[in-house]
Amino acid sequence: MTLSSPHLGSPSAWTDTRLLYALEEVVEKELDRHLRVAKDWMPHEYVPWSDGRNFPGLFEDGEAWDEGQSKVTEIGRTALVVNLLTEDNLPSYHHEIATLFGRDGAWGTWVHRWTAEEGRHSIVMRDYLLTSRAVDPERLERFRMAHMSEGFVSDNRHSMLHSVAYVAFQELATRISHRNAGFQSGDPVCDRMLARIATDENLHMVFYRNLLKAAFELAPDLTMQAVRDVVVNFRMPGHGIPGFERAAAQMALGGIYNLRIHHDDVLQPVLRFLKVMRIDGLGPEGRRAQEELGLFLEGLEAQAAKFDERLAARRARLAARTGT
């Protein structure tokens with residue numbers, strides 16, 4: 001580490017500036033690892049261009065969109081729109097992390113590399129959706145304008161540690177959402193595209209997760225408090241999308257992202273890797289945060305169990321109606 005890392009329980013012991021400086025060697029190491037394992041890929045290679053045809057507008061032969069043209073399931077369309085609109089807000093995300101992490105040194109190199117990789121996601125998703133006529137293009141554009149006009153303000157912009165903790169979980173949540181949307185899409189082309197995107201998201205998660213591990217070694221009490229706050233107050237970055245709550249409910253019922261998935265496939269893998277509940281030697285505030293995190297996870301597991309029961313009952317009712 002660039003700075004020594006004594007046990008420092010006081011919030012005044014570490015500032016964001018000192019933490020950024022202390023963690024820069026870790027960022028450089030993780031950036032080198034990321035560049036070694038990340039594989040370049042071409043968005044255009046995942047788009048079925050031969051399926052494309054004109055829409056109404058400048059072209060006299062344009063064909064209006066109709067739901068029957070889509071190869072994607074209804075839940076797939078909902079998830080694809082939410083996931084694309086989330087990716088669309090990249091300019092705001094870049095602004096947030098560039099402001100917080102800086103544009104120089106290893107931090108700045110990572111910020112720009114991450115932005116470039118994330119940019120592929122919205123490119124390939126929109127090209128796929130329009131070429132394959134998977135969703136209503138006019139509705140998609142209206143949603144994009146409304147969502148991006150609002151911008152994005154991070155819930156964690158006040159703290160570098162909170163921001164690192166958030167993205168460690170959020171990148172995995174995004175990976176899971178993309179991967180499950182592909183599974184549920186009903187279109188193998190869509191599934192392959194979203195699997196490719198999910199691979200990127202997983203590598204981004206690993207970067208931030210490893211950075212969070214280093215933060216625990218430097219400032220365990222403050223990092224524990226940040227993790228507690230982020231887990232307790234977590235929400236997806238696309239929460240400002242028009243109709244997000246209804247779409248999120250549909251995605252929950254469709255098995256793309258729900259409480260059970262959030263608990264089992266997002267929170268627990270990161271927390272287990274970091275051994276968060278087994279960290280000892282914490283000061284009073286760190287121990288309190290650790291205990292509160294444990295209590296929250298117990299409550300979330302109970303909520304997830306209730307959701308599982310309701311979902312199973314709903315599926316049983318639907319099966320009874322259809323005779324399947």
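Read on for an overview of the structure. The residue numbering used here restarts from 1 in each chain and proceeds along that chain's sequence as written. Selection of residues for local features in this predicted model requires a pLDDT of at least 70, selection of side-chain atom pairs for listing and counting requires 80 or more, and totals for whole chains, interfaces and linings are taken over all residues. Computation of side-chain values covers all heavy atoms of the structure but excludes hydrogens and water.

1. Things to note about the layout of surface pockets
For step 1, the next point in the chain: Cavity and pocket criteria rest on a 1 Å grid covering protein atoms alone: a 1.4 Å probe that fits but cannot get out defines a cavity, protein on both sides within 12 Å along at least 5 of 7 lines defines an open pocket, and an atom within 4 Å of a point defines a lining residue. Grid points are joined across faces, edges and corners, and a volume is the space filled by probe spheres set on the points. The computed volume of the largest pocket comes to approximately 540 Å³.
For step 2, the next point in the chain: What lines the largest pocket is a set of 24 residues, among which F234, M236, F244, A248 and Y257 lie closest to the centre.
For step 3, the next point in the chain: Secondary structure elements are defined from DSSP: runs of H or I of at least 4 residues count as helices, runs of E of at least 2 residues count as strands, and each element is numbered from the N terminus. Put simply, the parts of the chain that give the lining of the largest pocket at least two residues each are α2 (74-88), α6 (160-185), α8 (220-232), α9 (244-253), α10 (259-274) and α11 (284-322).
For step 4, the next point in the chain: The biggest single contributor to the lining of the largest pocket is α9, with 6 residues.
For step 5, the next point in the chain: The classification used treats Ala, Val, Leu, Ile, Met, Phe, Trp, Tyr, Cys and Pro as nonpolar, Asp, Glu, Lys and Arg as charged, and all other residues, Gly among them, as polar. Of the residues in the lining of the largest pocket, the class split is 15 nonpolar, 7 polar and 2 charged.
For step 6, the next point in the chain: R77, T78, V81, R139 and Q250 are, among the 19 residues lining the second largest pocket, the residues nearest its centre.

2. A closer look at helix α1 (residues 16-37)
For step 1, the next point in the chain: The span expected for a helix works out to 1.5 Å for each residue beyond the first. Across its 22 residues, α1 extends 29 Å between first and last C-alpha, which sits within 8% of the 32 Å expected from 1.5 Å per residue.
For step 2, the next point in the chain: Its axis deflected by about 45° at E24, α1 carries its strongest bend there.
For step 3, the next point in the chain: Accessible area is worked out with a 1.4 Å probe on protein chains only. A residue is then buried under 20% of its type maximum, exposed over 50%, and partly exposed in between. For α1, every residue scored as buried is listed here: L19, L20, A22, L23, V26, V27, E30, L31, R33 and H34.
For step 4, the next point in the chain: Residue contacts are defined here by distance: any two heavy atoms, one from each residue, within 4.5 Å place the two residues in contact. Where α1 is buried, its residues meet α3 (90-101), α4 (105-131), α6 and α7 (188-218). A residue's bend is the angle separating two fitted axes: one through the seven residues that end there, the other through the seven that start there.

3. Looking at empty space enclosed by the protein
For step 1, the next point in the chain: Within the structure shown, the criterion is met by 3 cavities of 30 Å³ or more.
For step 2, the next point in the chain: In this structure, the largest cavity encloses a volume near 350 Å³.
For step 3, the next point in the chain: Together, 23 residues line the largest cavity, and Y93, I97, W114, V167 and Q170 are the ones closest to its centre.
For step 4, the next point in the chain: Listing elements by their share of the lining of the largest cavity, those giving two or more residues are α2, α3, α4, α6 and α7.
For step 5, the next point in the chain: In this structure, the second largest cavity encloses a volume near 40 Å³.
For step 6, the next point in the chain: If you go around the second largest cavity, the residues you meet are F152, S154, D155, N156, Y166, R235, M236, P237 and H239.
For step 7, the next point in the chain: Residue composition of the lining of the second largest cavity, by class: 4 nonpolar, 3 polar and 2 charged.

4. Some points on a positive patch on the surface
For step 1, the next point in the chain: A surface patch of like charges, here positive, comprises K29, K213, K275 and R278.
For step 2, the next point in the chain: Looking at where K275 falls in the secondary structure, it is placed in the loop between α10 and α11. Only residues above 30% relative accessible area that lack a salt bridge enter a patch, with like-charged residues linked at up to 9 Å and the nonpolar side chains Val, Leu, Ile, Met, Phe, Trp and Tyr linked at up to 5 Å. Reported accessibility uses the Shrake-Rupley method at a 1.4 Å probe radius. Residues are deemed covered only where the shown protein chains occlude them. We define a salt bridge as a contact between a side-chain nitrogen of Lys or Arg and a carboxyl oxygen of Asp or Glu at a distance within 4 Å. Counted as positive: Lys and Arg. Counted as negative: Asp and Glu. His and the chain ends are not counted at all. A charged residue contributes its charge at one atom only: NZ of Lys, CZ of Arg, CG of Asp or CD of Glu.

5. Thoughts on the packing of aromatic side chains
For step 1, the next point in the chain: Classification of ring pairs rests on two measures: the distance between centres of Phe, Tyr or Trp rings, Trp counted by its six-membered ring, which must be within 6.5 Å, and the angle between planes, read as stacked under 30 degrees, edge-to-face over 60 and tilted in between. The tally for this structure, following the rule as stated, stands at 7 aromatic pairs.
For step 2, the next point in the chain: Between W110 and F207, the ring centres sit 3.7 Å apart and the planes meet at 5°, which makes this aromatic pair stacked. Linking W110 in helix α4 with F207 in helix α7, this pair joins segments that are 97 residues apart in sequence. Across the pair, F207 and W110 agree in class, each one buried.
For step 3, the next point in the chain: For the ring pair F207 and Y208, a centre distance of 5.3 Å and an interplane angle of 85° mean the geometry is edge-to-face. Y208 shares its class with F207; the two are buried.
For step 4, the next point in the chain: Just above the ring of W14 sits the side chain of R18; from NZ or CZ to the centre is 4.7 Å.
For step 5, the next point in the chain: Above the ring of F55, the side-chain terminus of R133 is found at 4.0 Å from the ring centroid. Any Lys NZ or Arg CZ that is within 6 Å of a ring centre and within 35 degrees of that ring's normal is treated as a charge sitting over the ring.

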